[in-house]
Amino acid sequence: MARLKIAYVGGGSTRAAGTMASFIAQGENFAGSEVVLIDLDAERLELIRTLASRMSAAAGADLAVSATTDRRAGLDGCDAVLTSYRPGGFEARVVDERIPLSHGVIGQ
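Residues numbered from 1 in each chain as written. Predicted model: local features only at pLDDT ≥ 70, side-chain atom pairs only at ≥ 80, totals over all residues. Heavy atoms only, no water.

Asks: For this particular structure, what's the right way to read the layout of surface pockets?
Replies: The rolling of a water-molecule-sized probe over the atoms marks out the regions of remaining empty space. Taken as a whole, the largest pocket holds about 520 Å³ of empty space. Together, 18 residues line the largest pocket, and Ser13, Arg44, Ser84, Tyr85 and Arg86 are the ones closest to its centre. Tallying contributions element by element places helix α4 (residues 89–102) first for the lining of the largest pocket, with 3 residues. Residues of the lining of the largest pocket, tallied by class, amount to 6 nonpolar, 5 polar and 7 charged. (1 Å grid on protein atoms, 1.4 Å probe; cavity = no way out; pocket = protein on both sides within 12 Å on 5 of 7 lines; lining within 4 Å. Points joined across faces, edges and corners; volume = space filled by probe spheres on them. Helix = DSSP H or I, 4+ residues; strand = E, 2+ residues; numbered from the N terminus. Nonpolar A, V, L, I, M, F, W, Y, C, P; charged D, E, K, R; others polar.)

Below, the structure is given as structure tokens:
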């Protein structure tokens, strides 16, 4: 498989650790690739970068993980872009879940 540079906008999100675990589990398909985690929250971003780097090393995956709060720099030269973010954070999630329920359906 080709070496890819993948940007993950929202890379400090609660979903990011699971997404990174999926990339690592498929490590042979991403050998030599890089995932650039991009987020506005530098503290959460560093937490996910550290976790992903440790998981990758433990699995013996040839997958580089970097992180930045600079969206332009993080997107530069990328082959693919993933997004996982929720404007408004967890407070917005409550609204996102209550609106469908008020119409008798489940969703966000």
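On we go.
Asks: For this particular structure, what's the right way to read helix α1 (residues 16–25)?
Replies: Because each turn of an α-helix spans 3.6 residues, side chains separated by three or four positions in sequence point in the same direction. Residues of α1 that are buried: Ala16, Met20, Phe23 and Ile24. The buried residues of α1 occupy an angular sector of 95° when projected down its axis, which confines them to one face. (Buried < 20%, exposed > 50% of the residue type's maximum accessible area, 1.4 Å probe, protein only. Arc of directions from axis to C-beta.)

Asks: Would you mind showing me how to read the side chain of Ser84 here?
Replies: The residue Ser84 is located in the loop between β4 (80–83) and α4 in this model. For Ser84, a relative accessible area of 13% translates into the label buried. Once residues within four sequence positions are removed from consideration, Ser84 is found in contact with Tyr8, Val9, Gly10, Ser13 and Arg15. (Contact = heavy atoms within 4.5 Å.)

Asks: I'm lost on the packing of aromatic side chains in this one. Help?
Replies: Taken as a whole and assessed by the stated rule, the structure comprises 1 aromatic pair. Ring geometry for Phe23 and Phe30: centres 4.9 Å apart, planes at 90°, overall edge-to-face. Phe30 carries the same exposure label as Phe23, and that label is buried. (Phe/Tyr/Trp six-rings, centres within 6.5 Å; stacked < 30°, edge-to-face > 60°.)

Asks: Help me out: how do you make sense of the nonpolar core in this one?
Replies: One recurring pattern in soluble globular proteins is that nonpolar side chains are buried together. Ranked by size, the top nonpolar core spans 15 residues in total, and within it Met20, Phe23, Val35, Leu37 and Leu63 carry the most contacts. Taken together, the elements giving at least two residues each to this core come down to β1 (5–9), α1, β2 (33–38), α2 (42–59) and β3 (63–68). The residues contacting Leu63, other than those within four sequence positions of it, are Met20, Phe23, Ile24, Phe30, Ser33, Glu34, Val35 and Ser56. (Core = buried A, V, L, I, M, F, W, Y, C linked by side-chain atoms within 4.5 Å.)

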